[in-house]
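Spelled out from the first residue to the last, the chains are:
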Amino acid sequence: MNFFRKELSNDELIYIYRNLLLPRMIEEKMLVLLRQGRISKWFSGIGQEAIAVGSTLALQKNEWIMPLHRNLGVFTSRQMSLQKLFMQWQGNKDGYSKGRERSFHFGSKAHHICGMISHLGPQLALADGVALAHQLRKEQKVSLAYSGDGGTSEGDFHEALNIAAVWDLPVIFLIENNGYGLSTPVSEQYRCQNLVDKARGYGMEGVRINGNNVLEVYDTIKGVREYCIRNRKPYLVECMTFRMRGHEEASGTKYVPQELFKKWVQQDPVRSFEQYLLAEKVLTQTEITNIRNGFKDYIEEELQHAFDAQPMIPDTAEELRDVYAKQSVIHSQWSLANRVDEPEPVTDEPAKRFIDAITEALKQSMEKHTHLVLMGQDIAEYGGAFKITEGFVEQFGKERVRNTPLCESAVIGTALGLSLEAFKSVVEMQFADFVTMGFNQIVNNLAKIYYRWGQPADVVIRMPTGGGVGAGPFHSQSNEAWFTHVPGLKVVYPSSPHDAKGLLIAAINDPNPVLYFEHKALYRSISGHFPGQPYEVEIGKARVVQQGEDITVISYGMGVHWTLHYQQQHPEISLHLLDLRTLLPLDYEAIRKAVKQTGKVLILHEDTLTGGIGAEVAAWVGEHCYELLDAPVMRCASLDTPVPFNTELEKNFMAESRLDECIKKLEAY
Ligand SMILES: Cc1ncc(C[n+]2csc(CCOP(=O)(O)OP(=O)(O)O)c2C)c(N)n1
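An account of the accompanying structure is given in this report. This one's a predicted model, so the numbers in the text were calculated from it and none came from an experiment.

1. Comments concerning the environment of Gln275
And then number 1: By the secondary structure assignment, Gln275 is in helix H10 (residues 269-279).
And then number 2: Classification of Gln275 by relative accessible area gives partly exposed; the value is 49%.
And then number 3: Along the chain, Gln275 and Gln285 lie 10 residues apart, while their C-alpha atoms are 9.6 Å from each other.

2. Considering the packing of helix H1 (residues 10-35) against H10
And then number 1: Contact geometry for H1 and H10: axes closest at 10 Å, N-to-C directions at 150 degrees. The pairing of H1 with H10 is recorded here as roughly antiparallel in orientation. At the point where H1 passes H10, the crossing takes the left-handed sense. Of the residues in H10, those touching H1 at Leu13, Ile16, Tyr17, Leu20, Leu21 and Arg24 are Pro269, Val270, Phe273, Glu274 and Leu277.
And then number 2: Across the contact of H1 with H10, the residue classes break down as 9 nonpolar, no polar and 2 charged.

3. Side note on the site of the ligand
And then number 1: Not every one of the 15 residues close to the ligand is listed here, only the nearest: His69, Arg70, Gly150, Gly151 and Tyr180.
And then number 2: Here an oxygen atom of the ligand sits 2.8 Å away from a polar atom, N or O, in the side chain of His69.
And then number 3: Arg70 is positioned such that a nitrogen or oxygen atom in its side chain is 2.7 Å from an oxygen atom of the ligand.
And then number 4: Taken together, the residues of the shell around the ligand break down into 3 nonpolar, 9 polar and 3 charged.

4. Some remarks on a negative patch on the surface
And then number 1: A surface patch of like charges, here negative, comprises Glu549, Asp550, Glu572 and Glu667.
And then number 2: As for its placement among the helices and strands, Glu549 is situated in the loop between strand E16 (543-546) and strand E17 (551-555).

5. A word on the sheet that holds strand E12 (residues 459-465)
And then number 1: The 7 strands lie next to each other as E10-E9-E11-E12-E14-E13-E19, forming an open sheet whose pairing is mixed. Because the sheet does not close on itself, it has two edges, and the strands there are strand E10 (401-403) and strand E19 (582-584). Across the sheet, the mean angle separating the axes of adjacent strands is 20 degrees when strand polarity is ignored.
And then number 2: Sheet topology places strand E9 (residues 372-376) next to strand E11 (residues 424-428); 5 bridges connect them, and they run parallel. From the neighbouring strand, Gly376 faces E11, where its bridge partner is Glu428.

6. Thoughts on the pairing of strand E20 (residues 601-608)
And then number 1: Most of E20 is tucked away: 7 of the 8 residues are buried.
And then number 2: Judged from the 3 bridges that link them, E17 and E20 form a sheet pairing that is parallel. The residue of E20 that forms the bridge with Val553 is Leu602.
And then number 3: Chirality of the crossover, the property in question, places the unit of E20, helix H23 (residues 613-624) and strand E21 (residues 634-638) among those that are right-handed.

7. Examining the pattern of salt bridges
And then number 1: This structure, assessed with the given rule, holds 30 salt bridges.
And then number 2: The partner of Glu318 in a salt bridge is Lys93, with the nearest N and O atoms 2.7 Å apart. You can see Glu318 sitting in helix H12 (residues 316-321) and its partner Lys93 sitting in the loop between helix H4 (82-90) and helix H5 (123-137), a full 225 residues away along the chain.
And then number 3: Judged by relative accessible area, which is 11%, Glu318 ranks as buried.
And then number 4: Across the salt bridge formed by Arg462 and Glu428, the nearest N and O atoms sit 2.8 Å from each other. With Arg462 in strand E12 and Glu428 in strand E11, the pair connects residues that are 34 residues apart, well separated along the chain. Across the pair, exposure class does not vary: Arg462 and Glu428 are buried alike.

8. Focus on the packing of aromatic side chains
When we look at a pair of aromatic rings, we describe it by the centre distance and by the angle of the planes.
And then number 1: This structure, assessed with the given rule, holds 25 aromatic pairs.
And then number 2: Aromatic pair Phe86 and Trp89: ring centres 5.8 Å apart, planes at 70 degrees, arrangement edge-to-face. Placement of both Phe86 and Trp89 in helix H4 is noted, with a separation of 3 residues, approximately one turn of the helix. The two residues Phe86 and Trp89 agree in class, both being buried.
And then number 3: Judged by centre distance (5.5 Å) and plane angle (55 degrees), the ring pair of Phe439 and Phe483 falls under tilted. One end of the pair, Phe439, is in helix H17 (residues 439-446); the other, Phe483, is in helix H19 (residues 480-484), and 44 residues separate them in sequence.
And then number 4: Judged by relative accessible area, Phe439 falls into the partly exposed class, the value being 29%.
And then number 5: A residue is classified by how much of its surface remains accessible, and Phe483, at 0% relative accessible area, is buried.
And then number 6: In textbook terms, an aromatic cluster arises when at least three aromatic residues are bridged by ring pairs, as seen for Trp42, Phe75, Phe86, Trp89, Tyr96, Phe104 and Phe106.

9. Comments concerning the nonpolar core
And then number 1: Of all hydrophobic cores here, the largest spans 83 residues; its most connected members are Phe173 and Phe483.
And then number 2: Setting aside residues no more than four positions away along its own chain, Phe173 makes contact with Leu124, Asp128, Ala145, Ala160, Leu161, Ala164, Met204, Pro234, Tyr235, Leu236 and Val237.
And then number 3: Among the nonpolar cores identified, the runner-up in size contains 72 residues, and Leu8, Ala58, Ile221 and Ala309 belong to it.

10. Focus on the environment of Lys398
And then number 1: Here Lys398 is to be found in the loop between helix H15 (392-396) and E10.
And then number 2: With relative accessibility at 44%, the residue Lys398 sits in the partly exposed group.
And then number 3: The residues touching Lys398, leaving out its near neighbours within four places in the chain, are Ala380, Glu381, Val393 and Asn403.
And then number 4: Within the structure, the side chain of Lys398 is placed 3.1 Å from the side chain of Glu381, a separation counted as a polar contact.

11. With respect to the side chain of Glu428
And then number 1: The class of Glu428 is buried, set by a relative accessible area of 7%.
And then number 2: Looking at Glu428, its side chain comes within polar contact range of the side chain of Arg462, at 2.8 Å.

12. Observations regarding H10
And then number 1: Residues Pro269, Val270, Ser272, Phe273, Glu274, Tyr276 and Leu277 constitute the buried set of H10.
And then number 2: Where H10 is buried, its residues contact H1, helix H2 (49-58), helix H8 (214-231) and helix H11 (285-307).
And then number 3: The opening residue of H10 is Asp268, an N-cap whose side-chain oxygen sits 3.1 Å from the backbone nitrogen of Val270.

13. Thoughts on the sheet that holds E21
And then number 1: Reading across the sheet, the 5 strands line up as E16-E18-E17-E20-E21 and stay open at both edges, with mixed pairing between neighbours. Of all strands in the sheet, those with a lone pairing partner are E16 and E21, marking the two edges. With direction set aside, neighbouring strand axes in the sheet form an average angle of 25 degrees.
And then number 2: Examined bridge by bridge, E20 and E21 share 4 bridges and lie parallel to one another. Its bridge partner lying in E21, Leu604 is registered against Cys636.
And then number 3: Running at roughly 160 degrees to E20, H23 makes contact with E17, E20 and E21 of the sheet.

Cut-offs applied
Residues numbered from 1 in each chain as written. Predicted model: local features only at pLDDT ≥ 70, side-chain atom pairs only at ≥ 80, totals over all residues. Heavy atoms only, no water. Helix = DSSP H or I, 4+ residues; strand = E, 2+ residues; numbered from the N terminus. Buried < 20%, exposed > 50% of the residue type's maximum accessible area, 1.4 Å probe, protein only. Axes fitted to C-alpha atoms, helices over the stretch in contact; angles between N-to-C directions. Parallel < 35°, antiparallel > 145°, perpendicular 65-115°, else oblique. Left-handed = near helix turned anticlockwise from the far one by under 90°. Contact = heavy atoms within 4.5 Å. Nonpolar A, V, L, I, M, F, W, Y, C, P; charged D, E, K, R; others polar. Near = heavy atom within 4 Å. Polar contact = N/O pair within 3.5 Å; in protein donor to acceptor, adjacent residues only side chain to side chain. Patch = residues over 30% accessible without salt bridge, like charges linked within 9 Å, V, L, I, M, F, W, Y side chains within 5 Å. Areas by Shrake-Rupley, 256 points an atom, 1.4 Å probe, with all protein chains shown as cover. Salt bridge = Lys/Arg side-chain N within 4 Å of Asp/Glu carboxyl O. Lys, Arg positive; Asp, Glu negative; His and termini not counted. Charge placed at Lys NZ, Arg CZ, Asp CG, Glu CD. Pairing = 2+ DSSP bridges. Right-handed = clockwise from strand over helix to strand, strands pointing away. Phe/Tyr/Trp six-rings, centres within 6.5 Å; stacked < 30°, edge-to-face > 60°. Core = buried A, V, L, I, M, F, W, Y, C linked by side-chain atoms within 4.5 Å.

In structure tokens form, the structure reads like this:
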């Protein structure tokens with residue numbers, strides 16, 4: 001292997017060598033511990049260390065890296081505490097994830113390392129978000145994301161590279177091509193000759209290098225970093241390497257031809273560099289032995305601290321508390337000062353529509369938070385599919401009101417990346433139905449990141465939802481229940497203009513990921529009075545819409561309007577109506593009070609019956625309010641079918657068509 005030291009001094013070469021050697025020696029120790037059953041699982045990076053080490057050393061310490069499962073060298077080159085790393089791998093409370101995450105699935109804000117999730121691909125777009133933050137702040141910085149050769153087949157790889165190219169983001173995408181994705185050879189993974197050929201298709205530059213040569217990696221990434229900053233562009237680097245051990249230790253290497261091991265052992269990154277340093281007389285054999293012995297002692301010492309760590313004592317309250325990030329002090333002061341629980345009739349102003357409330361909340365939030373970015377398809381000059389952001393580009397500029405390519409997953413990932421750099425964002429789904437394309441980012445990345453390693457996901461996803469407009473199965477769904485099952489998310493669903501404004505402002509102020517459902521059929525069909533100044537409606541608080549004596553209806557969204565309409569048509573019955581407003585977390589206190597009011601409960605929603613949020617509320621009422629009930633809890637929901645297109649079929653589908661029947665049944669008890 002040919003090494004070119006260029007301007008590097010002897011001390012710098014030794015520094016690189018030490019960084020390269022440490023992860024190798026840690027791993028060798030880990031393999032022993034694994035055989036002794038003292039750690040559970042290990043993904044080996046032996047043979048690939050030059051990539052993680054060379055690229056990390058080429059970056060500034062405050063530039064974000066999105067490493068994967070074979071990148072121990074990233075963590076050690078950022079000088080993370082070794083005993084804490086060991087505790088992390090043992091699942092100890094004092095590791096980097098309080099024992100909540102395994103192997104390399106953790107991050108550290110202090111070290112600018114973003115924790116991967118198991119799913120391969122989603123981390124790439126987070127690098128886009130970080131780079132966008134740098135671009136908006138005009139900082140001379142890059143972000144760096146890794147992918148394996150297998151990971152390049154994921155749609156997320158395509159989406160992330162495409163966004164970075166279209167938005168001119170300074171991101172280094174680095175592929176570690178080690179020949180296999182678990183047992184799948186690259187011949188069954190892609191058809192282009194080299195993976196770097198893909199760069200051209202995205203309109204970016206790329207280079208293919210020897211990933212086992214630490215100086216080549218270091219020098220290339222240094223140069224690429226300067227290119228990305230100077231030209232404000234992304235870059236693709238393909239590092240050729242080889243995985244010397246199994247995918248993970250238990251899975252073996254039977255499927256790999258022996259000749260490949262023989263070939264690549266000659267290219268070992270640590271041994272080759274060591275030989276080069278000896279030949280160049282940068283180090284003597286004795287000095288190398290001394291360095292190795294020093295590391296050996298260091299590893300043993302740190303390991304002993306980890307072994308001495310206290311055993312885990314689960315604390316349920318702490319576990320539950322750490323699912324959500326707390327509001328910052330400034331925000332919560334602001335929120336309290338501007339909290340309006342009930343609509344205040346404003347007589348000197350005309351009533352405004354539901355859609356105007358959303359626009360107003362967005363506009364006032366954009367004015368308040370100068371680091372808030374809006375992203376979505378056609379939301380800039382066009383104003384969005386429903387014209388909610390019309391005129392925003394003129395007021396806030398295209399940098400903060402961003403049209404996106406069609407790639408929901410990468411846009412949500414970008415939003416999370418922005419949040420790593422303390423930006424807020426609101427992502428508009430053109431229709432709530434299309435959230436399926438970004439589902440993984442929401443339920444696995446956004447929802448879990450705070451619990452896993454304490455990083456908030458300060459993102460709101462706007463979800464134009466619901467049917468009743470003859471739009472068929474893919475523009476009419478109610479999919480809120482998909483998300484109410486996911487710890488870490490908040491789900492809000494206003495039914496009035498007042499709540500639409502207050503809940504959206506609260507969602508944007510909240511540092512947690514919030515799904516904000518806005519019913520399309522309410523946009524222009526209902527109006528109401530609400531304060532002109534910014535205010536919050538507290539997330540997690542239901543509201544009694546009307547007092548009644550005969551039957552309690554617990555509902556939200558369109559169901560609230562169906563109930564009010566029904567009440568108008570049936571003055572002979574007195575309905576007590578509770579609007580949940582927030583579906584996660586639920587307001588159990590308000591539910592209990594509402595149950596107590598009449599003893600007869602009907603839960604009404606537009607969503608389909610089976611597994612809807614109504615099922616959860618019914619179960620809770622049955623379990624906790626049994627003695628308050630005079631009849632079984634009933635649910636009125638839409639049919640368990642997709643939403644049909646034909647207007648008559650759709651009417652028949654909707655819960656409203658069975659409301660009278662349900663109320664009569666309950667009344668008869
Ligand atoms: C989305 C997704 N599908 C499947 C897996 C299971 N899996 C874990 S690692 C792996 C192979 C990855 O290969 P590659 O991207 O080349 O990285 P390498 O392990 O070789 O470093 C697979 C299939 C996963 N983690 N994520």
